[in-house]
Amino acid sequence: MSLNTFLDSDQFTCSICLDIFNNPSSTPCGHSFCVSCINQYWDGAKECQCPLCKRTFQKRPDLQINRTLREITEQYRSMSAGNGGLAKDKKVRVQDGAMPSALINELTKRLPRVPPKTSLNSKERVTTPMASSVPNQSPISVASGASEELPAIALPSQLSGRRRFTMSGVASSQNIPICQIHQRGIMIICLTDGEYICPDCEAEEHSSHNTVKVEDVWIEKQAQLKETEQKIQEMIQQRLRKIEEIRISVANMKLAVEQETASSVCIFSELVAAIERSQSDLIDSMEVNRKTSEQLADTMVQQLEQEVKELQQRESAVAKLSTSDDYVQGIKSFPGVCSIPPTKDWSGVSVASDLGTSAIYKSLAAQVEKFQERLRSVTETGFIASLLEASPTRPQPRMKRVQEYSTDVTLDCNTAHPRLILSDSMKSVRCGERHQLLPDNTERFDRVVCVLGREAISSGRHYWEVLVGGKTDWDLGVARQSSNRKGKIDVTPSNGYWFLSLRDKNKYAFRTEPSTDVHLNLRPNKIGIFVDYERGQVSFYNVDAKIHIYTFNDNFTECILPFFSPCTNKSGKNDGPLVITPVDKSD
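Counting starts from 1 at the beginning of each chain's written sequence and moves along it residue by residue. The model is predicted, so local features are restricted to residues of pLDDT at least 70 and side-chain atom pairs to those at 80 or more, both for listing and for counting; the totals for chains, interfaces and linings are taken over all residues. Water and hydrogen atoms play no part in the side-chain values, which are based on all heavy atoms of the structure.

A. Layout of the overall build of the protein chain. Secondary structure elements are defined from DSSP: runs of H or I of at least 4 residues count as helices, runs of E of at least 2 residues count as strands, and each element is numbered from the N terminus. Counting its secondary structure elements, the protein chain contains nine helices and 24 strands. Partly exposed describes any residue whose relative accessible area lies between the buried limit of under 20% and the exposed limit of over 50%, with all areas from a 1.4 Å probe on protein chains only and scaled to the type maximum. Going through the 587 residues of the protein chain one by one, you find that 37% of them count as buried. Of the contacts formed within the protein chain by residues at least 6 apart in sequence, a portion of 63% connects residues at least 24 apart. Carbon and sulfur atoms make up 51% of the accessible area of the protein chain, which totals about 34,200 Å². The contact rule is simple, with two residues in contact once any of their heavy atoms fall within 4.5 Å. Method for areas: the Shrake-Rupley scheme with a 1.4 Å probe, in which residue coverage is limited to the protein chains shown.

B. A look at the layout of surface pockets. By volume, the largest pocket is sized at about 890 Å³. Only protein atoms enter the 1 Å grid used here. Points where a 1.4 Å probe fits but cannot escape make up a cavity, open sets with protein on both sides within 12 Å along at least five of seven lines make up a pocket, and a residue lines them when an atom lies within 4 Å of a point. Taken together, 24 residues line the largest pocket, and the ones lying closest to its centre are Ser269, Glu270, Ala273, Ala274 and Arg277. At 11 residues, helix H6 (residues 214-322) tops the list of elements feeding residues into the lining of the largest pocket. Grid points are joined across faces, edges and corners, and a volume is the space filled by probe spheres set on the points.

C. View of the packing of aromatic side chains. Think of it this way: a Phe, Tyr or Trp ring, Trp meaning its six-membered ring, pairs with another when their centres are within 6.5 Å, and the plane angle makes it stacked under 30 degrees, edge-to-face over 60, tilted otherwise. Under the criterion given, the structure shown has 14 aromatic pairs. For the pair Phe12 and Tyr76, a centre-to-centre distance of 4.4 Å together with 20 degrees between the ring planes defines the contact as stacked. Pair noted here: Phe12 is in the segment before strand E1 (24-26) and Tyr76 is in helix H2 (residues 67-82), with a separation of 64 residues, a long-range link. Three or more aromatic residues joined by ring pairs make a cluster, and in this case those are Phe510, Phe540, Tyr550 and Phe552. Lys344 extends its terminal NZ or CZ atom over the ring of Trp346, reaching a point 4.7 Å from the ring centre. Sitting over a ring, as applied to charges here, requires NZ of Lys or CZ of Arg to be within 6 Å of the ring centre and within 35 degrees of the ring normal.

D. Examining the environment of Ser353 more closely. You can see Ser353 is positioned in the loop between helix H7 (327-338) and helix H8 (358-387). With 63 residues separating them in the primary sequence, Ser353 and Arg290 have C-alpha atoms 9.2 Å apart.

E. Spatial organisation of the pattern of salt bridges. By definition, a salt bridge exists where a carboxyl oxygen of Asp or Glu is found within 4 Å of a side-chain nitrogen of Lys or Arg. Counted according to the given criterion, the structure contains 12 salt bridges. A salt bridge links Arg77 to Glu74; its shortest N-O distance comes to 3.8 Å. Taken as a pair, Arg77 and Glu74 lie in helix H2 at a separation of three residues, close to a single helical turn. For Arg77, a relative accessible area of 32% corresponds to the partly exposed category.

F. Region of interest: the sheet that holds strand E12 (residues 420-422). Strand pairing requires that DSSP identify at least two bridges connecting the strands. Taken together, the seven strands give an open sheet; going across it, the order is E12-E13-E24-E15-E20-E21-E22, and neighbouring strands pair in antiparallel fashion. Two strands close off the open sheet at either side, each with one partner strand: E12 and strand E22 (547-553). With strand direction ignored, the average angle separating the axes of adjacent strands in the sheet is 20 degrees. In this analysis, axes come from line fits to C-alpha atoms, helices being fitted only over the stretch in contact, and the angle between any two N-to-C directions falls in the range 0 to 180 degrees.

G. Examining unusual backbone geometry more closely. One non-glycine residue, Leu18, adopts positive backbone phi at about 60 degrees. Inspection of the secondary structure assignment puts Leu18 in the segment before E1. Look at Leu18 and you get partly exposed, because its relative accessible area is 25%. Residues other than glycine seldom take positive phi values, yet Ser571 does so here, at roughly 55 degrees. Here Ser571 lies in the loop between strand E23 (560-565) and strand E24 (578-581). Overall, the relative accessible area of 74% leaves Ser571 in the exposed class.

H. The environment of Ala416, seen in detail. Relative to the elements of secondary structure, Ala416 occurs in the loop between helix H9 (399-402) and E12. Assessed through its relative accessible area of 4%, Ala416 is described here as buried. Taking C-alpha positions, Ala416 is 9.4 Å from Phe564, a pair spaced 148 residues apart along the chain. In this structure Ala416 touches Leu422, Arg444, Phe445, Cys450 and Val451, once residues within four positions along its chain are discounted.

I. Highlighting the sheet that holds strand E11 (residues 211-213). The strand order across the open sheet built from three strands is E10-E9-E11, with neighbouring strands paired in antiparallel fashion. At either end of the open sheet lies a strand with only one pairing partner, and these are strand E10 (195-197) and E11. Strand-to-strand twist in this sheet, taken as the mean axis angle between neighbours without regard to direction, amounts to 30 degrees. H6 contacts strand E9 (188-190), E10 and E11 of the sheet and is inclined by roughly 70 degrees relative to E11.

J. Examining the nonpolar core more closely. Here, nonpolar core refers to any group of buried Ala, Val, Leu, Ile, Met, Phe, Trp, Tyr and Cys residues whose side-chain atoms link them within 4.5 Å. With 37 residues, the main nonpolar core has Trp464, Trp474, Ile527, Val531, Val538, Phe540 and Phe564 as its most contacted residues. Residues within four places of Val531 in sequence aside, it is in contact with Ile457, Gly460, Arg461, His462, Trp464, Val478, Gln537, Val538, Phe556 and Ile560. Membership of the second largest hydrophobic core comes to 16 residues, among which are Cys48, Phe57, Leu63 and Tyr76.

K. Representation of the environment of Val468. Looking at the element boundaries, Val468 is found in the loop between strand E15 (461-467) and strand E16 (474-480). Taking the C-alpha atoms as reference points, Val468 and Pro524, separated by 56 residues in sequence, lie 7.7 Å from one another. Apart from the residues within four sequence positions on either side, Val468 is in contact with Trp474, Leu476, Pro524, Asn525, Lys526, Ile527 and Leu578.

In short, geometric facts, not functional conclusions.
Structure, rendered in structure tokens:
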């Protein structure tokens, strides 16, 4: 009986070329192919995959020839050639190209080149059947137990029908190797010699040795494997919890950044606003005091000049009388000329140098001190704890999302009030000094200083941003397409107007019924308007601070249009434009 009696061509067949291995090589997943076949299979491919199990390798493996498998393949090829050659018509793809490592090791140990060994009991050598089937090879002798190495597991030709090694693993239903000497199952480990033996081997040659059942050892190992598996699962769960913890921390950090940004902008803006107000009051006060001082000084100068004129006249009369030769007339005129004319005592009179600014400085100092106290509180507790109660607004996580619905909005010149001046790009509007000669069409507003956008909104979500800058007055929002545009207009939601207003630089209100005043700690530089037509919502945002200001909730039954009013220019104090700006989604 020969080796190829138990190993057919399928076990040594490359699943790519369907022929016996030629310089076999094994992939990291354990499958074997001809080295030239697998390299050609991967050449030009976008990714390296195992042809059998389809496992993908991120980096192309550096394949080496499996010398042991090649040697076994050559032995099989030689034995098959000695038995009349391989069946040429048998070219079936194997299910698993990887040869079991145990089989490779055992076949390597049992190749004919292994020298014969003699037992210590000088028993007859047992010649393996394989020795007589391989031509030009010397017989293989197996000792009954005196090997210096672990006793090799029997070759397939030496095993009983209960186990058969194939290219895809164990073919039998039982996983017990058979002792090649006693034809009994190897179920014992000799710890003294480090060998796997059967009960007969133990009784004959290992009776005084330290032995243990294979099953007991494996049960112990299985228990250890379960402990290891449990530890690995616990480590996995710990790491999954840590991943979730990190993600939550990042989300909390993002929210904290948004909140602290808004709060810090708020507190510093308050300080800047206080300084600006103090500076404005200071300049106004000094200007008023300067004008008052100038008027007082002009009055005093006029009085002094009049007295100087009178004194000069009296001086001239005295000089003339002193040179007169008419003694009688001189004596008679002497009393009137010699007396000094009545004048004001100017010794204690001066122009006041007090500019009247000390009270303003004291007020500013008190505000700065209050600011410092808030900063000290922030240093101890942070912005979030110290300022959220003071600020009614909260950073809205939806700010980023609404910007995704940005709409290109332009102004409709046919609706603009005659005093409004529109830019060529139809992105900017300001109020001029006088009316322009424009056609009085039905779309044009003739009394309210405003203009509508071109883009009608009848569905979906839309968002645009308007730069208001340092204007003191403006209106922004949306208006119903059919709303009245002539004469005095009651700008309320019931009449088709939904917008936010600014008056006198710091009075914000929504044109509800009645009007809704809103206090903004942070003065907006740019306003974002978001419309959700289906939900009937018009929302307003402070773009720079990413703060939601207010949302109208209504029911839209027809098209609505963007609404813009720069208001009158207030003699140049409110002559800045409203500018529709591109939406920056990069933050």
